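Observations on the model geometry
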Amino acid sequence: MAQNNLTPGEFTPRDHAFYGLVWAGSTLSARVDQALARRHDLPLSWFEVMLWLRAQKEPVAASELGAVTLLSRSQVSRVADSLQARGLIERIPSPTDARSVRLALTEAGHRAFEEADATRREVLAEVFDDLLDDADIAALAGIWAKLKSRPAARDHIKG
């Protein structure tokens, strides 16, 4: 059987950094998604919506979630439908606009999120948390802040 001897060739340090980000995002997301689906029947996209809802003091509009998640507005709506069907979120009439609703986690949603978050932390411990010290995390946070600070970059990602 032939061995694979592929190399990145003439990659610049910036190429390596970029593909490292792509690899890390894809690999870590896939691990978390698989564990959440297997243990909780909860796709990563659902978890992401629940993560944002859990952090809010008040119910939020789906459009607000679409602006902060990696999901499009229509994806947020579909995820919200699925979460509501499972009793994990509720739609609450907006106090300021009778035509719109806001989303909030239910008590069952809070419990499901806590269980799923424990799974996420467990999955990431060995391949992320245990490998990175506080200085590494601070450096990554600084990098993400720089990358996310450009409005054109944020708008383009949503496509």
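Shown above is the structure to which this text applies.
Residues numbered from 1 in each chain as written. Predicted model: local features only at pLDDT ≥ 70, side-chain atom pairs only at ≥ 80, totals over all residues. Heavy atoms only, no water.

**Quick look at helix α4 (residues 73–85)**
Defined as follows: Under the DSSP-based scheme used, a helix requires at least four consecutive residues in state H or I and a strand at least two consecutive residues in state E, with every element numbered from the N terminus. An expected span of 1.5 Å times one less than the residue number is assigned to each helix. Each residue is assigned to one of three classes by its accessible area relative to the maximum for its type, calculated with a 1.4 Å probe on protein chains only: buried under 20%, partly exposed between the two thresholds, exposed over 50%. The directions considered for the arc run from the helix axis to the C-beta atoms. Any pair of residues with heavy atoms lying within 4.5 Å of one another is described as a contacting pair.
The end-to-end C-alpha distance of α4, which contains 13 residues, comes to 18 Å, matching closely the 18 Å that a straight helix rising 1.5 Å per residue would cover. The complete set of buried residues in α4 reads Val76, Val79, Ala80 and Leu83. Seen from one end, α4 has its buried residues packed into an arc of 105 degrees, which puts them on one side. More than 90 degrees from the buried face of α4, the exposed residues found are Arg78 and Ala85. In the core, the buried residues of α4 are packed alongside α2 (44–54), α3 (62–68), β1 (89–93) and β2 (101–105).

**Focus on the nonpolar core**
Soluble globular proteins tend to pack their nonpolar side chains together in the buried interior. For the record, the criterion: Only buried residues count toward a nonpolar core. Its members are Ala, Val, Leu, Ile, Met, Phe, Trp, Tyr and Cys residues joined through side-chain atoms within 4.5 Å.
Judged by nonpolar contacts, the single largest core of 26 residues is most densely connected at Leu42, Val49, Met50, Leu53, Leu65, Leu83 and Ile89. Other than its neighbours up to four places away in sequence, Leu53 contacts Val60, Leu65, Ile89, Leu103, Ala104 and Leu105.

**Quick word on the pattern of salt bridges**
Pairing is possible between side chains that carry opposite charge, provided their charged atoms lie close to one another. Worth spelling out the cut-off: Should a side-chain nitrogen of Lys or Arg be within 4 Å of a carboxyl oxygen of Asp or Glu, the pair is scored as a salt bridge.
The final tally for this structure, using the stated rule, is eight salt bridges. Across the pair Asp41 and Arg86 runs a salt bridge, and its minimum N-O distance is 3.8 Å. Placement of the pair is Asp41 in the loop between α1 (13–40) and α2 and Arg86 in the loop between α4 and β1, with a sequence separation of 45 residues. According to the relative accessible area criterion, Asp41 is exposed, its value standing at 54%.

**Topic: the side chain of Thr106**
Within the secondary structure layout, Thr106 lies in the loop between β2 and α5 (107–129). When sequence neighbours within four positions are dropped, the list of residues in contact with Thr106 reads Gly87, Leu88, Ile89 and Glu90.

In short, geometric facts, not functional conclusions.
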